[in-house]
Amino acid sequence: MIEAVGLTKRYGAKTAVDNLSFQVRPGAVTGFLGPNGSGKSTTMRMIVGLDRPTAGRVTVGGHPFRSLPNAPRQVGALLDAKAVHGGRSARNHLLSLAQLAGIPTARVDEVLGVVGLQDVAKRRSSGFSLGMGQRLGIAAALLGDPRVLLFDEPVNGLDPEGIHWVRNLMKQLASEGRTVFVSSHLMSEMALTADHLIVIGRGQLLSDMSVKDFISANSADFARVRVPPEPEQREKLTAALTEAGGRVMPEPDGALRVTGLPLPRISDLAHGAGVRLWQLSPHQASLEEAYMRMTQGAVDYRSTADAKEGLVPPPPPYELPPDSGLAQPPELPQRGWYAPPPPGRSPAAPAPSPHPTERETSEESR
Amino acid sequence: MASVPAVLNSEWTKIRTVSSTTWTLISAFVVTVAMGAALSALLNSQFDDLPTAERATFDATYVGFSGMTLGQLAMVVFGVLVVGTEYSSGMIRTSLAAVPQRGSFLFSKIAVAGALALVVGLATSFVTFFVSQALLGDHRTDIGAENVLRAVFGGGVYMGLIAIFSMGVATMLRSSMLSLGILMPFFFLVSQILSAVPGAKTVARYFPDQAGSKIMQVVPDAMNSDPAPYGPWAGLGIMALWVIAALAGGYLVLRKRDA
Ligand SMILES: Nc1ncnc2c1ncn2[C@@H]1O[C@H](COP(=O)(O)OP(=O)(O)OP(=O)(O)O)[C@@H](O)[C@H]1O
Ligand SMILES: [Mg+2]
């Protein structure tokens with residue numbers, strides 16, 4: 001069990017971690033998500049006592065890490081896979097760590113086997129590929145057979161087989177009753193691996209809930225409705241749907257996103273209003289979308305629009321009404337049902353292709 | 001808490017499994033012995049050409065240790081790399097995550113590396129002594145002569161202390177490159193030059209290498225060197241104070257800073 005209370009870390013004027021409070025429970029994989037620079041690694045370094053919190057505290061099993069008796073036997077951490085002396089062989093690296101905690105040499109060979117490095121155990125780690133280094137880091141974390149495991153981006157640099165292996169390893173470790181805390185950038189990866197999610201942005205807690213809750217709270221169903229490009233048609237339909245209790249949001253490419261109404265009802269309302277429908281399709285916002293929406297206000301490093309974009313004339317789908325507000329970036333909605341445009345794309349430009357996770361049922365699908 | 005014997009054991013594994021340990025220590029040995037031997041042979045053949053003052057204070061033991069000025073640089077590299085590679089590789093984070101008690105970590109590391117440097121230093125100084133004396137012909141001295149054993153033993157301690165001092169500095173600076181960039185010119189140039197400049201030399205004689213090397217002199221003010229206001233043991237004591245200061249500084253930095 002890891003517990004953070006009001007955890008804060010400032011580097012000069014920069015607040016890397018801002019008043020974080022959370023618990024990581026045993027027997028589950030807890031995913032730790034956040035954009036670049038949101039403070040995941042800093043939080044993990046504070047958990048293992050490498051960085052001292054500016055305020056607040058974090059404990060492992062009720063103790064601050066630095067006062068844990070025989071720490072390597074209780075907490076295993078993969079923080080930075082490259083943090084090994086490249087001139088030392090993988091086996092000697094692990095051996096030196098094992099000796100610290102009085103772990104028998106046989107265990108070193110055991111974990112080398114577990115991570116699949118037995119054949120290169122005697123090679124200098126400077127020659128290791130990214131994935132091999134990652135495996136060595138995982139081996140070091142597993143060495144003391146600890147009850148609490150921290151992994152900072154463990155799948156970074158792994159091939160699909162390796163990713164699959166890490167995913168199963170995390171689940172297995174959790175099923176053995178251990179506390180497993182894994183950071184990642186990828187919501188999709190965490191949706192497959194984790195049982196619980198902690199999302200941070202700019203060092204602040206954005207969400208702390210089970211994956212199940214996260215999915216039901218964030219991946220709301222919606223309908224995509226497309227009408228002929230006549231402003232009065234849109235307005236008529238929008239009015240009718242809103243009156244019936246639905247929420248309507250224009251999409252960048254001119255379609256309408258409708259929530260709160262079942263598809264047949266939308267069709268009936270359109271019919272009643274005398275509006276022709278060109279498309280009416282059910283969709284589900286992906287978790288990745290929900291995650292991006294949640295963190296979009298907290299992204300520190302995003303790409304700017306590539307100037308080359310201007311070289312290609314954007315094919316206008318149809319004239320937008322001047323007051324539709326689509327020329328401006330849409331504001332952050334209160335409820336999570338509107339996906340932001342990907343970073344760098346002008347919201348007015350057409351979407352390049354349907355989202356891969358959306359189920360296209362209309363004639364629009366290609 | 002990771003027990004001290006466990007940390008010592010682990011640090012020994014770390015130190016013996018990197019090649020830099022071998023080549024720096026072998027360099028220290030070879031350079032010191034070879035240069036001492038060459039200078040001994042040279043002085044033996046040209047003894048009569050030496051200035052009278054130098055002949056009067058001729059110190060066969062001290063002459064044999066002439067290679068120390070270069071050999072100590074290899075010890076500096078050894079000391080700096082032992083600590084510095086933890087930082088440059090990032091290993092320090094793995095190490096400290098495993099040994100949260102930073103004092104145990106640092107002092108175990110320094111105990112192991114310092115002991116190794118001391119052993120190599122002693123081997124170097126004794127071999128240097130016997131090789132150089134064999135080449136000094138009629139001007140040789142004997143290990144049984146007064147103060148000679150102290151000087152030879154002191155030469156080994158001097159090498160060990162230079163290495164430990166470098167470890168302390170590298171812990172304070174947290175970087176191999178920076179530490180080498182400061183220590184190498186200091187020991188090779190600054191200290192040597194300042195000790196020859198009138199005015200500056202009253203300060204320079206309290207530098208760790210200047211003070212510590214007095215232990216290797218059998219004849220006071222050997223080879224017509226400047227008289228120092230302290231004896232050989234006091235000189236080594238001054239050097240030890242520098243070492244303690246460097247270690248204390250290193251410990252404070254390690255304890256206070258984020259890794
Ligand atoms: N030692 C340090 N000194 C100064 N600033 C730091 C230090 N370590 C981290 N930061 C800053 O703190 C913020 C959080 O960094 P951190 O590495 O924890 O983010 P992260 O969530 O792990 O990012 P990523 O996903 O890119 O790994 C960043 O803005 C970073 O610049
Ligand atoms: Mg990080």
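Residues numbered from 1 in each chain as written. Chains lettered and ligands numbered in written order. Predicted model: local features only at pLDDT ≥ 70, side-chain atom pairs only at ≥ 80, totals over all residues. Heavy atoms only, no water.

*Asks:* What exactly am I supposed to notice about the overall build of chain B here?
*Replies:* For chain B, the count of helices and strands is 12 helices and 0 strands. Seen in sequence order, chain B has helices and strands lined up from the N terminus as α-α-α-α-α-α-α-α-α-α-α-α. Computed over its C-alpha atoms, the radius of gyration of chain B comes to 19 Å, within 12% of the 18 Å expected for a compact globule of 259 residues. Considered along the principal axes of its C-alpha atoms, chain B spans approximately 60 × 40 × 30 Å. Residues counted as buried form 54% of the 259 residues belonging to chain B. In chain B, the proportion of contacts linking residues at least 24 apart, taken out of those at least 6 apart, comes to 79%. For chain B, the accessible surface area stands at approximately 10,400 Å², while carbon and sulfur atoms represent 70% of it. When the 15 positive and 13 negative side-chain charges of chain B are each reduced to one mean point, those points stand 18 Å apart. (Helix = DSSP H or I, 4+ residues; strand = E, 2+ residues; numbered from the N terminus. Rg over C-alpha atoms; globule rule 2.2 N^0.38 Å. Buried < 20%, exposed > 50% of the residue type's maximum accessible area, 1.4 Å probe, protein only. Contact = heavy atoms within 4.5 Å. Areas by Shrake-Rupley, 256 points an atom, 1.4 Å probe, with all protein chains shown as cover. Lys, Arg positive; Asp, Glu negative; His and termini not counted. Charge placed at Lys NZ, Arg CZ, Asp CG, Glu CD.)

*Asks:* It is not clear to me how the sheet that holds strand 4 (residues 55–60) of chain A should be interpreted in this structure. Could you clarify?
*Replies:* Each strand in a sheet pairs with another by means of backbone hydrogen bonds, the pair being arranged parallel or else antiparallel. All names here are of chain A. The strand order 2-1-4 describes an open sheet built from 3 strands, whose pairing is antiparallel. The sheet is open, and its two edges are formed by strand 2 (14–24) and strand 4, each paired on a single side. The mean inter-strand angle of the sheet, taken between neighbouring strand axes irrespective of direction, is 20°. Both strand 1 (residues 2–11) and strand 2 contribute to a ladder of 7 bridges, which runs antiparallel. Within strand 2, the residue paired with I2 across the bridge is V24. Against the sheet, helix 1 (residues 40–47) touches strand 1, strand 2 and strand 4, its axis set at about 115° to strand 1. (Pairing = 2+ DSSP bridges. Axes fitted to C-alpha atoms, helices over the stretch in contact; angles between N-to-C directions.)

*Asks:* Quick question: what am I supposed to make of the site of ligand 1 here?
*Replies:* Residue and element names in this part refer to chain A. Around ligand 1, the surrounding shell holds 15 residues, and the nearest of these are G37, K40, S41, T42 and H185. Here an oxygen atom of ligand 1 sits 3.2 Å away from a polar atom, N or O, in the side chain of K14. Contact between ligand 1 and H185: an oxygen atom at 2.5 Å from a side-chain N or O atom of the residue. Computed on the free molecule, ligand 1 has an accessible area of 640 Å², of which 67% lies beneath the protein chains in the complex. Taken together, the elements giving at least two residues each to the shell around ligand 1 come down to strand 2 and helix 1. The element contributing the most residues to the shell around ligand 1 is helix 1, with 4 residues. The residue makeup of the shell around ligand 1, split by class, is 4 nonpolar, 7 polar and 4 charged. (Near = heavy atom within 4 Å. Polar contact = N/O pair within 3.5 Å; in protein donor to acceptor, adjacent residues only side chain to side chain. Nonpolar A, V, L, I, M, F, W, Y, C, P; charged D, E, K, R; others polar.)

*Asks:* Sorry if this is basic, but what is going on with the interface of chain A and chain B here?
*Replies:* A common way to report how large an interface is uses the accessible area buried once the components associate. With 30 residues of chain A at the interface, the matching set in chain B holds 29 residues. Ranking the residues of chain A by area buried against chain B places A:L50, A:Q99 and A:L100 at the top, with a combined share of 27%. Taken together, the connections running from chain A to chain B amount to 2 salt bridges. Here A:K9 and B:D258 are joined by a salt bridge, their closest N and O atoms 2.7 Å apart. In this structure, the connection of chain A to chain B is made through 13 residue pairs in polar contact (both at pLDDT 80 or more). Looking at the side of chain A that touches chain B, the elements with two or more residues in it are strand 1, helix 2 (71–74) and helix 3 (90–100) of chain A. Among the elements that line the side of chain A that touches chain B, the one with the most residues is helix 3 of chain A, at 7 residues. Taken together, the residues of the side of chain A that touches chain B break down into 13 nonpolar, 8 polar and 9 charged. (Buried area = accessible area lost by both parts, 1.4 Å probe. Salt bridge = Lys/Arg side-chain N within 4 Å of Asp/Glu carboxyl O.)

*Asks:* Which parts of the structure should I look at to understand the side chain of A:R257?
*Replies:* All names here are of chain A. As for its placement among the helices and strands, R257 is situated in strand 12 (residues 256–259). Owing to a relative accessible area of 2%, R257 belongs among the buried residues under this scheme. A polar contact is formed between the side chain of R257 and the side chain of E251, at a distance of 2.4 Å.

*Asks:* What is the right way to look at the sheet that holds strand 13 (residues 279–284) of chain A in this model?
*Replies:* Residue and element names in this part refer to chain A. Sheet architecture is open: 4 strands sit in the order 11-12-10-13, paired in antiparallel fashion. Each edge of the sheet is formed by a strand with only one pairing partner; in this case those strands are strand 11 (247–250) and strand 13. The sheet shows a mean angle of 25° between the axes of neighbouring strands, direction not considered. As paired strands, strand 11 and strand 12 are joined by 4 bridges and run antiparallel to one another. By the bridge assignment, V248 is partnered in strand 12 with V258. With respect to the sheet, helix 10 (residues 263–273) is in contact with strand 10 (221–226), strand 12 and strand 13, its orientation differing from that of strand 13 by roughly 155°.

*Asks:* For this particular structure, what's the right way to read the packing of aromatic side chains?
*Replies:* Each aromatic ring pair is summarised here by two numbers: the centre-to-centre distance and the angle between the ring planes. Applying the stated criterion across every chain, the model contains 11 aromatic pairs over all chains. On the basis of an interplanar angle of 80° and a centroid distance of 6.3 Å, the ring pair of B:F165 and B:W242 is categorised as edge-to-face. Of the two residues, B:F165 sits in helix 8 (residues 148–173) while B:W242 sits in helix 12 (residues 232–256), which places them 77 residues apart along the sequence. A relative accessible area of 34% means that B:W242 is categorised as partly exposed. By way of ring pairs, the aromatic residues B:F165, B:F186, B:F187, B:F207 and B:W242 are connected into one cluster. The lysine or arginine in question, A:R135, covers the ring of A:W165, its NZ or CZ lying 5.0 Å from the ring centre. Against the face of A:F222 rests A:R257, its NZ or CZ located 3.8 Å from the ring centre. (Phe/Tyr/Trp six-rings, centres within 6.5 Å; stacked < 30°, edge-to-face > 60°. Lys NZ or Arg CZ within 6 Å of the ring centre and 35° of its normal.)

*Asks:* Hey, could you run me through the pairing of strand 10 of chain A in this one?
*Replies:* Looking down a regular strand, the side chains alternate between one sheet face and the other. Residues and elements named next belong to chain A. Among the 6 residues in strand 10, 5 count as buried, and that is most of the element. The sheet contact formed by strand 10 and strand 13 spans 6 bridges and is antiparallel. Note that in strand 13 the partner of R224 across the bridge is S281. In this sheet, strand 12 lies alongside strand 10 in antiparallel orientation, the contact comprising 3 bridges. Each bridged residue has a counterpart across the sheet, and for V225 the counterpart in strand 12 is L256.

*Asks:* It is not clear to me how the packing of helix 3 of chain A against helix 5 (residues 130–142) of chain A should be interpreted in this structure. Could you clarify?
*Replies:* Relative orientation and spacing of two packed helices are given, respectively, by the angle between their axes and the distance between those axes. Residue and element names in this part refer to chain A. Their axes nearest at 10 Å, the elements helix 3 and helix 5 cross at an angle of 25°. The orientation of helix 3 with respect to helix 5, classified from their angle, is roughly parallel. For the crossing formed where helix 3 meets helix 5, the hand is right-handed. Together, A90, H93, L94 and L97 of helix 3 and L136, A139 and A140 of helix 5 make up the contact between the two elements. Across the contact of helix 3 with helix 5, the residue classes break down as 6 nonpolar, 1 polar and no charged. (Parallel < 35°, antiparallel > 145°, perpendicular 65-115°, else oblique. Left-handed = near helix turned anticlockwise from the far one by under 90°.)

*Asks:* Before we go on, may I ask you to explain the pairing of strand 7 (residues 179–184) of chain A in this structure?
*Replies:* All names here are of chain A. Among the 6 residues in strand 7, 6 count as buried, and that is most of the element. Here strand 7 shows no split at all, with T179, F181 and S183 on one side and V180, V182 and S184 on the other all buried. As paired elements, strand 3 (residues 28–33) and strand 7 share 6 bridges and run parallel to each other. Bridge pairing in strand 7 places A28 opposite T179. Bridge analysis of strand 6 (residues 148–152) against strand 7 gives 5 bridges, and the strand direction is parallel. Residue pairing in the sheet places F151 in a bridge with V182 of strand 7. Handedness of the crossover is the feature at issue here: the chain leaves strand 6, passes through helix 6 (residues 160–175), returns alongside strand 7, and the resulting connection is right-handed. (Right-handed = clockwise from strand over helix to strand, strands pointing away.)

Worth remembering: the numbers are spatial, not functional.
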